[in-house]
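# Geometric and topological summary
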Number of protein chains: 2
Amino acid sequence: MLGDRWSLLILRDMMLRGARTYNELLACPERIATNILASRLRSLVENGIIVARPDPIDRRRQTYLLTAKGIDLAPVMAELVLWAARHERTGNQGLVRQLEQDKQRMIADVRQRWAAENAARSMHEPSRR
Amino acid sequence: MLGDRWSLLILRDMMLRGARTYNELLACPERIATNILASRLRSLVENGIIVARPDPIDRRRQTYLLTAKGIDLAPVMAELVLWAARHERTGNQGLVRQLEQDKQRMIADVRQRWAAENAARSMHEPSRR
DNA sequence: CAGGATCCGTTTCGATACTG
DNA sequence: CAGTATCGAAACGGATCCTG
């Protein structure tokens, strides 16, 4: 389900860089193609890792948000980033050292940030009103 | 580098089930094809995650061993298995609960088990870490 | 028999062009 | 802006063949 080249990179951009829209995700340094991004997003939605919602401010825009299942991937992502940083030359040794000491906090941050946003949009959801 | 469908599954079988030979890896439940297994093993070797050595007992046999870089993936694997177990039904809830309490020990076990085996061949390798 | 390599049909990926 | 259509390239998967 995550066994492809892009899904984890998309989630990394959502978690670590706060990307939420198609455009922000397209701008990732690895240059994903538009059709691939669309197809990966569809697959992530189908697998319940993210959800697509219209932007509450600009209705024409879609925002992609992590679900609880997606947020639970934060520890995996943290370990993966640490591993890659240790063994590849990714340049950003700063992030590494910070993560190293501060992994728990980073995971908590992801959790809290997305939990907050989910709460914010739950008022717009028909299911809860 | 790990962005393909099989590499992580191979590493899972090596770490969690102790698979070391071509045959043991072929027997994984996901039914990998022989050519794909060979090609993934080659790629893992090229990327310094595993090494191939002739079995010290049966010379016809190859054994595949984790390198330090590969062993460092244990935390990633632990988190990934935990995540999958929480959100898919993989059946083995036993392993899950055990891992949940005992993640650090499991990682240490992987490390120690493979470190011991590496020591046996360490004369041929530039040591790392 | 273990550990592949080769051939070949099928599926998926990826770059570019295009559309509502 | 957020995708879809197209089409060639790469990866997968199965069967078979090769080598020690």
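The paragraphs below set out a description of the structure included in this document. These figures come from a predicted structure and were not determined experimentally. Residue numbering note: each chain is counted from 1, following its sequence as written. Throughout, the order in which chains and ligands are written sets their labels, letters from A for the former and numbers from 1 for the latter. A pLDDT threshold of at least 70 governs which residues receive local features in this predicted model, and a stricter bar of 80 or more applies before side-chain atom pairs are shown or counted, although totals over entire chains, interfaces and linings include all residues. For the side-chain quantities, the full set of heavy atoms in the structure was used; hydrogens and water were omitted.

### Let's talk about the interface of chain A and chain B
Note: interface size is frequently given as the accessible area lost on complex formation between the parts. Between two residues, a contact is recorded if the distance between any of their heavy atoms is within 4.5 Å. If you look at the interface, chain A gives 16 residues, while chain B gives 16 residues. When the two sides are added together, the surface that chain A and chain B hide from each other amounts to roughly 1500 Å², 70% of it contributed by carbon and sulfur. By definition, a salt bridge exists where a carboxyl oxygen of Asp or Glu is found within 4 Å of a side-chain nitrogen of Lys or Arg. In this structure, the connection of chain A to chain B is made through zero salt bridges. A 3.5 Å cut-off defines polar contacts: any pair of N or O atoms within that distance qualifies, except that in protein one atom must be a possible hydrogen donor and the other a possible acceptor, and neighbouring residues in sequence count only when both atoms are side-chain atoms. Taken together, chain A and chain B are joined by four residue pairs in polar contact (both at pLDDT 80 or more). A per-element tally of the side of chain A that touches chain B places helix α5 (residues 74–87) of chain A first, with six residues. The residue inventory of the side of chain A that touches chain B, partitioned by class, reads eight nonpolar, two polar and six charged. Summed over both partners, the accessible surface that disappears when two parts come together, traced with a 1.4 Å probe, is what is meant by buried area. Secondary structure follows DSSP: runs of H or I at least 4 residues long count as helices, runs of E at least 2 residues long count as strands, and numbering of each begins at the N terminus. We call Asp, Glu, Lys and Arg charged. Ala, Val, Leu, Ile, Met, Phe, Trp, Tyr, Cys and Pro are nonpolar, and the rest, Gly among them, are polar.

### A few points about the relation of the copies chain A and chain B
The two copies are related by a screw motion: chain A maps onto chain B through a turn of 179° and a shift of 0.1 Å along the axis, at an RMSD of 0.2 Å. Both copies of the chain, as the preceding transformation shows, are related through a two-fold rotation axis. Looking at the rotation axis and the C-alpha trace of chain A, the residue lying nearest is aspartate 4 of chain A, at 2.4 Å. To line up the copies, we fit them by least squares on C-alpha atoms, keeping just the residues with pLDDT of at least 70 in both.

### A short note on the pattern of salt bridges
Residue and element names in this part refer to chain A. The tally for this structure, following the rule as stated, stands at 12 salt bridges over all chains. The closest approach of N and O atoms between arginine 12 and aspartate 13, which form a salt bridge, is 3.1 Å. Comparing arginine 12 with aspartate 13 shows no difference in burial state: the two are buried. A salt bridge links glutamate 79 to lysine 103, with the shortest nitrogen-to-oxygen separation between them at 2.6 Å. Separated by 24 residues along the polypeptide, glutamate 79 in helix α5 and lysine 103 in helix α6 (residues 93–122) bring together distant segments of the chain. The rule is simple: take the accessible area with a 1.4 Å probe, protein chains only, and divide by the maximum for that residue type; under 20% is buried, over 50% is exposed, in between is partly exposed.

### Here's the deal with helix α3 (residues 34–46) of chain B
Residue and element names in this part refer to chain B. Given the number of residues in a helix, its expected span is that number minus one, multiplied by 1.5 Å. If you check α3, its first and last C-alpha atoms are 18 Å apart, about what 13 residues at 1.5 Å a residue would give, namely 18 Å. Among all positions of α3, only Leu37, Leu41, Ser43 and Leu44 are buried. For α3, the angular spread of buried residues about the axis comes to 165°, placing them on one side. Every exposed residue of α3 that faces more than 90 degrees away from the buried side is listed here: Asn35 and Glu46. Those residues of α3 that are buried are in contact with α1 (7–16), α2 (22–26), β1 (50–54) and β2 (62–66). Residue glycine 48 follows α3 closely and has a positive phi angle near 75°. What the arc measures is the spread of directions leading from the helix axis to the C-beta atoms.

Honestly, it's all geometry; don't read function into it.
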